[in-house]
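Listed here are the chains, written in short residue letters.
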Amino acid sequence: MIGHIARNEWRNLVAERAVAPLAILLTLLIAYGLYNGVEWNRFREATLEETKAEQQKRLRKLERSLKEIEAGTRKPTGFQDPRSGGAIGGTTGVPYVTMPPGPLAPLAVGQSDLYPYYFKISLRSKQTTLNNDEIENPVNLLAGRFDLAFVIVYLYPLLILALSYNLLSAEKEQGTLALTLANPVSLAQLLTGKVVARAGLMLGLSVGITAVAVLLAGLDWGREGAAARLGLWMAVVVSYGVFWFALAVAVNAWGRSSATNALVLAGIWLGIAILVPSLLHLVSSSLYPVPSRVEMIQAMRNAGKEAQKKGSQTLARFYEDHPELAPASAGQAPDFASLTYAAQMEVDRMVEPILKRFDQQVASQQAVVDRFSYLSPAVLAQQALNDIAGTGLGAYQHFNGQADRFLKSWQDYFFPKIFAREKLTSAALEQLPRYRYEEEPVGPVSGRVAAALAGMLLPAALAAWMAMVKLRGYQVAG
């Protein structure tokens, strides 16, 4: 019976000419969102190619200089000896650590326009190296980018609600509902059949058009985990759609007019998609405010002035803590590089509590958002889609961890050579620490997405149950 009702509802939708406009509108939205994501992705890839080319050019020039010095055709001149660890590790030989876009990155810009996706590693302090944020248009950062994830999270529900706000109220207002129920069909069966037809149309179009658009975008499906991530993306799209259809069914079951249903559903959409996320941000930032960036900069300046004022005392204390790095000649005067990096280590030590407090507050903010994100399936959907695309907070924390570890290995390699005043050769360039980005495995991503799916499907089931209960007292006429 439900299948018969669904087929009849499909014929009604076709007769009302609702299918073609909906398909065209959805296609245009998905295409434009994906186009914006692809363009941003190309910009990222081009930027990373430029950093790679700049690094290779600089290293070739450094290698030529070192070989000329070794051959005796050139003498070291200038403020720094190009063979010194400070020169190579701090300027001429510094590498980039980069975060290449994931296989589904064009689907969701996420936070990739907020967080840096490459760093220039040097011997500078951690907070200087890992916090050189990109310069971006503040309007884009405020409003966000119109990508496919934006279409799914914000516009997709509106299309669903426009298609389902009057599932029962339209026939009731036309006076045909009582006539329909005079046949051997229950109200629950009628409503289920209508929902099956409309949900099948909407979910099918969303999944199908997205799949075609992704294939036409030429994404790299040879990369590990690409197919699994696409499957997770489709699961989020379907689950999010099921939630909104279940919500529409619950509102329809109250027996109000079509206008009232539309107003109620619009208010719910506003609350779930706009108000709750805004309140979560406000509450988390109020409960756990991060230390002021001005405070951190001021602390760095004060620590730097204090370390420079003490100068040789700082270096002497450093050699006491690290006797293995002391120069061979005890009476040898300290050089500029040794004084500079000893002072930098002291600055890092003094500002470390501020950095830790900053990280703890950010983690506490995210914990609040994670705990209460189940109040808004829109938040869950956005986080899940960003996670799948590799543009969410988890992916950037994963990248920052790798950058942090590589920075430490780079400093650990050069600092002993600087304090020992060791001169490097061209052959030593092959022994420098190498960076290789490791993408976050699909496993942790799947776990986070599974929790988000549960947060969407459980409320959907609750809304459907409430609708079935409410239908028992539904007034067919009047």
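Residue positions are given per chain, counted from 1 along the sequence in the order it is written. Where local features are concerned, this predicted model is filtered to residues with pLDDT of at least 70; where side-chain atom pairs are given and counted, the filter is 80 or more; whole-chain, interface and lining totals use all residues. Remark: hydrogens and water are excluded; side-chain values derive from all non-hydrogen atoms of the structure.

1. As for the overall build of the protein chain
For clarity, the threshold we go by: Secondary structure elements follow DSSP: runs of H or I of four or more residues count as helices, runs of E of two or more count as strands, with numbering from the N terminus. The cut-offs for exposure are 20% and 50% of the maximum accessible area for each residue type, with area from a 1.4 Å probe on protein chains only; residues under the lower value are buried, those over the upper are exposed, and the others partly exposed. It only takes one pair of heavy atoms within 4.5 Å for two residues to be counted as in contact. Only the protein chains shown count as cover for residues, and the accessible areas themselves come from Shrake-Rupley with a 1.4 Å probe.
Broken down by element type, the protein chain carries 17 helices and two strands. Here the protein chain, with 478 residues, has 46% of them falling under the buried criterion. Restricting the contact set of the protein chain to residue pairs at least 6 apart, pairs at least 24 apart contribute 84%. In the structure as shown, the protein chain presents an accessible area of about 24,000 Å², 60% of it carried by carbon and sulfur atoms.

2. Notes on helix α15 (residues 377–389)
What counts, and what does not: By this rule, a helix spans an expected 1.5 Å times one less than how many residues it contains.
With 13 residues, α15 extends 18 Å between its outermost C-alpha atoms, agreeing within 8% with the 18 Å of an ideal straight helix rising 1.5 Å per residue. For α15, the buried fraction is high: 11 of the 13 residues fall into the buried class. Among the residues making up α15, those that are buried are P377, A378, V379, L380, A381, A384, L385, N386, D387, I388 and A389. Residues of α15 that are buried make contact with α6 (148–164), α10 (226–252), α11 (258–287), α16 (393–419) and α17 (442–471). Looking at the residues trailing α15, positive phi occurs at G390, about 75 degrees.

3. Quick look at the environment of P157
By the secondary structure assignment, P157 is in helix α6. On the basis of relative accessible area, P157 is assigned to the buried category, the value being 0%. The spatial distance from the C-alpha of P157 to the C-alpha of F245 is 8.6 Å, given a sequence separation of 88 residues. Beyond its immediate stretch of four places on either side in the chain, P157 contacts I152, Y240, W244 and W269.

4. Let's talk about the nonpolar core
The nonpolar side chains of soluble globular proteins are, as a tendency, buried together. Note the cut-off: Joining through side-chain atoms within 4.5 Å is the link that ties buried Ala, Val, Leu, Ile, Met, Phe, Trp, Tyr and Cys residues into a set, and such a set is a nonpolar core.
Core analysis: the biggest nonpolar cluster contains 79 residues, and M202, W233, V236, Y240 and W244 have the highest contact counts within it. The element that contributes the greatest number of residues to this core is α10, accounting for 16 residues. What W244 contacts, discounting residues up to four positions off in sequence, is P157, I160, L161, I268, W269 and I272. With 32 residues, the next largest nonpolar core counts Y96, Y118, F399 and W410 among its residues.

5. Considering the pattern of salt bridges
Test applied: Take a side-chain nitrogen of Lys or Arg and a carboxyl oxygen of Asp or Glu: if they are within 4 Å of each other, that pair is a salt bridge.
Applying the stated criterion across every chain, the model contains 10 salt bridges. Linking R42 and E39 is a salt bridge whose minimum nitrogen-to-oxygen distance equals 3.0 Å. Taken together, the positions of R42 and E39, both in helix α2 (residues 19–71) and three residues apart, correspond to about one turn of that helix. Overall, E39 belongs to the partly exposed group, its relative accessible area being 33%. A salt bridge links K408 to D412, with the nearest nitrogen and oxygen atoms 2.8 Å apart. Of this pair, K408 and D412 are both found in helix α16, four residues apart, which corresponds to roughly one turn of the helix.

6. So, the environment of A23
By the secondary structure assignment, A23 is in helix α2. Contact partners of A23, with chain neighbours within four places excluded, come to L205 and I209.

7. Quick word on the packing of α10 against α11
The following threshold applies: Working convention: axes come from line fits to C-alpha atoms, limited for helices to the stretch in contact. Angles between N-to-C directions cover 0 to 180 degrees. Should an angle lie under 35 degrees it is considered roughly parallel, over 145 roughly antiparallel, and from 65 to 115 roughly perpendicular; all remaining angles are considered oblique. Definitions for this section: a left-handed crossing has its near helix turned counterclockwise from the far helix by less than a right angle. A right-handed crossing has that turn clockwise. Ten residue types, Ala, Val, Leu, Ile, Met, Phe, Trp, Tyr, Cys and Pro, are classed as nonpolar, four, Asp, Glu, Lys and Arg, as charged, and the remainder, Gly among them, as polar.
Running from N to C, α10 and α11 point in directions that differ by 140 degrees, and their axes come no closer than 10 Å. Considering the angle they form, α10 stands oblique to α11. As α10 packs across α11, the resulting crossing turns out to be right-handed. Contacts between α10 and α11 involve F243, W244, L247, A248, V251 and N252 from the first element and N261, V264, L265, I268, W269 and I272 from the second. Partitioning the contact of α10 with α11 into residue classes produces 10 nonpolar, two polar and no charged.

8. Structural notes on the packing of aromatic side chains
For any pair of aromatic rings, the description consists of the separation of the ring centres together with the inter-plane angle of the planes. The criterion, for reference: Pairing of aromatic side chains here covers Phe, Tyr and the six-membered ring of Trp, requires ring centres within 6.5 Å, and sorts the geometry by plane angle: under 30 degrees stacked, over 60 edge-to-face, intermediate tilted.
All chains considered together, the criterion is met by 16 aromatic pairs. Relative to Y435, the ring of F406 has its centre 5.7 Å away and its plane inclined at 70 degrees; by these criteria the two rings are edge-to-face. One end of the pair, F406, is in helix α16; the other, Y435, is in the loop between α16 and α17, and 29 residues separate them in sequence. Like Y435, F406 is buried.

9. Focus on empty space enclosed by the protein
Spelled out, the test is: Using a grid of 1 Å spacing that covers the protein atoms alone, one calls a set of points a cavity when a 1.4 Å probe fits there but cannot get out, and a pocket when the set is open and has protein on both sides within 12 Å along at least five of seven lines; lining residues are those with an atom within 4 Å of a point. Grid points are joined across faces, edges and corners, and a volume is the space filled by probe spheres set on the points.
For the coordinates displayed, the defined rule picks out one cavity of 30 Å³ or more. The volume enclosed by the largest cavity comes to roughly 80 Å³. As for the largest cavity, its lining consists of M99, P100, P101, G102, R229, D387, A389, G390, A395, Y437, E439 and E440. Counted by class, the lining of the largest cavity contains six nonpolar, two polar and four charged residues.

10. Thoughts on a positive patch on the surface
Applied cut-off: Each patch is built from salt-bridge-free residues with over 30% relative accessible area, joining like charges within 9 Å and nonpolar side chains (Val, Leu, Ile, Met, Phe, Trp, Tyr) within 5 Å. Within this scheme the basic residues Lys and Arg register as positive and the acidic residues Asp and Glu register as negative, but His and the chain ends are omitted. In this description, the location of a charge corresponds to atom NZ of lysine, CZ of arginine, CG of aspartate or CD of glutamate.
A contiguous patch of positive charge on the surface is contributed by K57, R60, K61 and R64. Turning to its location among the elements, R64 is positioned in helix α2.

11. Some words on the side chain of N166
Mapped onto the elements of the fold, N166 is located in the loop between α6 and α7 (169–174). Excluding residues that lie within four positions of it along the chain, N166 makes contacts with R198, N252 and S258.

12. Points about the packing of α11 against α15
Contact geometry for α11 and α15: axes closest at 8 Å, N-to-C directions at 80 degrees. The orientation of α11 relative to α15 falls into the category roughly perpendicular. Contacts between α11 and α15 pair I272, A273, P277 and L280 from the former with P377, A378 and V379 from the latter. Of the residues assigned to the contact of α11 with α15, the class counts are seven nonpolar, no polar and no charged.

13. Quick word on the confidence of the model for the protein chain
Caution is warranted with low-pLDDT regions, since their predicted coordinates should not be read in detail. How we decide: What pLDDT reports is the predictor's confidence in each residue, on a scale of 0 through 100.
Mean pLDDT over the protein chain: 82, with 82% of residues reaching 70 or higher. When the elements of the protein chain are averaged for pLDDT, helix α5 (residues 138–143) gives the smallest value, 39, and α10 the largest, 94. With pLDDT under 50 throughout, residues 132–143 is counted as low confidence; its partners more than four residues away or in other chains account for 12 contacts.

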